Amino acid sequence: MSKKFAVDLYFDVISPYSFILFEVSDQRKSLVLNLSNSQLLSLHAYRAQWPKMDVTLKPVALGHVMKAAGNKPPALAVAAKGPYMMKDVQRLARYFDLPLQFREDFITIIQTKSSINADRLICAVQMTQPEKTEAVARAHFRRFWCERKDIFETADFVEVLTSCGVANPATLVASITSEPVKERIRQYTEEAIDGGCFGAPWTVLTLEDGSQEHFFGSDRLHMIGHLMGEKFTGPVSCKL
Ligand SMILES: N[C@@H](CCC(=O)N[C@@H](CS)C(=O)NCC(=O)O)C(=O)O
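A quick note: this is a predicted structure, and the numbers were derived from the prediction, not measured.

## Comments concerning the confidence of the model for the chain
So, point 1. Residues at a pLDDT of 70 or more form 87% of the chain, whose mean pLDDT is 88.
So, point 2. Contacts for the low-pLDDT stretch residues 26–43, under 50 throughout, to residues beyond four places or in other chains number 47 contacts.
So, point 3. Here residues 236–240 is a poorly scored stretch, pLDDT under 50, and it has nine contacts once near neighbours within four places are set aside; other chains count.
So, point 4. Note on the complex model: pTM 0.91, ipTM 0.99.

What follows is the structure, given as structure tokens:
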């Protein structure tokens, strides 16, 4: 069957809701939990359930997106949003059976560190070993959001790439400051901003007639399915 619906998923690995959308789409707990990084499963279970959907991963620099949109990370903009977001993300993770553990130092991290090199590394992999893109994105998300480990330094990146069986990890890590790689993330980030993006995850669905629908958040999969003539059936089991 030919793919009919292009779905561009703009995300930043520092965004917990991006992690949820990235994985939610794979509701099969056993696959999510037991998947080895070298295995490629389709981006999401919904990619298997909705075979006409063609997903492209597009890492962006969320800080640049927010700046361009005049936005701020919710927890920094409104004090009450921090604790709410922490509870909300953990509740969603339980609902979708994701082994997410919110880092207590998350606010400090977003104030002092940048995930742009991790996002650039995913771009570098996409440009050279595209079949590894999903595994490397997943490994970054899991390292930060499940294992509470950092994703900021060369040593972190080498570990991630090695765990995914990526060839030439040192060369790839060195390439993240190269112009072509920087240009790729710039292009994705500008594309998202031009489409009205102000946060992450941001999903752009291109319909059969070429028109586009834009979605903010991890909580719009039911609408994305609806517009493709498909049904979102939620997680297999709900633990709430
Ligand atoms: N309701 C959305 C919230 C998503 C969200 O808060 N994303 C953060 C990044 S992790 C963001 O970019 N927020 C911008 C905003 O709320 O304006 C969901 O469930 O996914």
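From this point, things continue past the structure.
## A word on the site of the ligand
So, point 1. Neighbouring the ligand are 14 residues, the closest being Asn71, Gly199, Ala200, Ser218 and Asp219.
So, point 2. The contact in question runs from an oxygen atom of the ligand to an N or O atom on the backbone of serine 218, over 2.6 Å.
So, point 3. Here a nitrogen atom of the ligand and a side-chain polar atom of aspartate 219 are 3.1 Å apart.
So, point 4. Protein coverage of the free-state accessible area of the ligand, which is 500 Å², stands at 82%.
So, point 5. A class-by-class count of the residues in the shell around the ligand yields eight nonpolar, five polar and one charged.

## Let's talk about the pairing of strand S2 (residues 53–59)
So, point 1. With five of seven residues buried, S2 lies mostly within the body of the structure.
So, point 2. Relative to S2, strand S1 (residues 5–11) runs parallel, the two being bridged by seven bridges. In the sheet register, phenylalanine 5 faces S2, and the bridge partner there is methionine 53.

## Remarks on the packing of aromatic side chains
So, point 1. Counted under the stated rule, the structure contains 12 aromatic pairs.
So, point 2. Ring centres of phenylalanine 198 and tryptophan 202 lie 5.9 Å apart, and the angle between their planes is 70°; on these two criteria the pair is classed as edge-to-face.
So, point 3. On the accessibility criterion, phenylalanine 198 (30% relative accessible area) is partly exposed.
So, point 4. Assessed through its relative accessible area of 5%, tryptophan 202 is described here as buried.
So, point 5. Between the aromatic rings of phenylalanine 198 and phenylalanine 216, the centroid separation amounts to 4.6 Å while the plane-to-plane angle is 45°, which identifies the pairing as tilted. Of this pair, phenylalanine 198 sits in the loop between helix H12 (179–194) and strand S3 (202–206) while phenylalanine 216 sits in strand S4 (residues 212–216); the two residues are 18 residues apart in sequence, bridging distant segments of the chain.
So, point 6. For phenylalanine 216, a relative accessible area of 38% puts it in the partly exposed group.
So, point 7. Clustering of aromatic rings is evident, with ring pairs tying together Phe102, Phe106, Phe144, Trp145 and Phe152.

Conventions used here
Residues numbered from 1 in each chain as written. Predicted model: local features only at pLDDT ≥ 70, side-chain atom pairs only at ≥ 80, totals over all residues. Heavy atoms only, no water. pLDDT = per-residue confidence, 0-100. Contact = heavy atoms within 4.5 Å. Near = heavy atom within 4 Å. Polar contact = N/O pair within 3.5 Å; in protein donor to acceptor, adjacent residues only side chain to side chain. Areas by Shrake-Rupley, 256 points an atom, 1.4 Å probe, with all protein chains shown as cover. Nonpolar A, V, L, I, M, F, W, Y, C, P; charged D, E, K, R; others polar. Buried < 20%, exposed > 50% of the residue type's maximum accessible area, 1.4 Å probe, protein only. Helix = DSSP H or I, 4+ residues; strand = E, 2+ residues; numbered from the N terminus. Pairing = 2+ DSSP bridges. Phe/Tyr/Trp six-rings, centres within 6.5 Å; stacked < 30°, edge-to-face > 60°.

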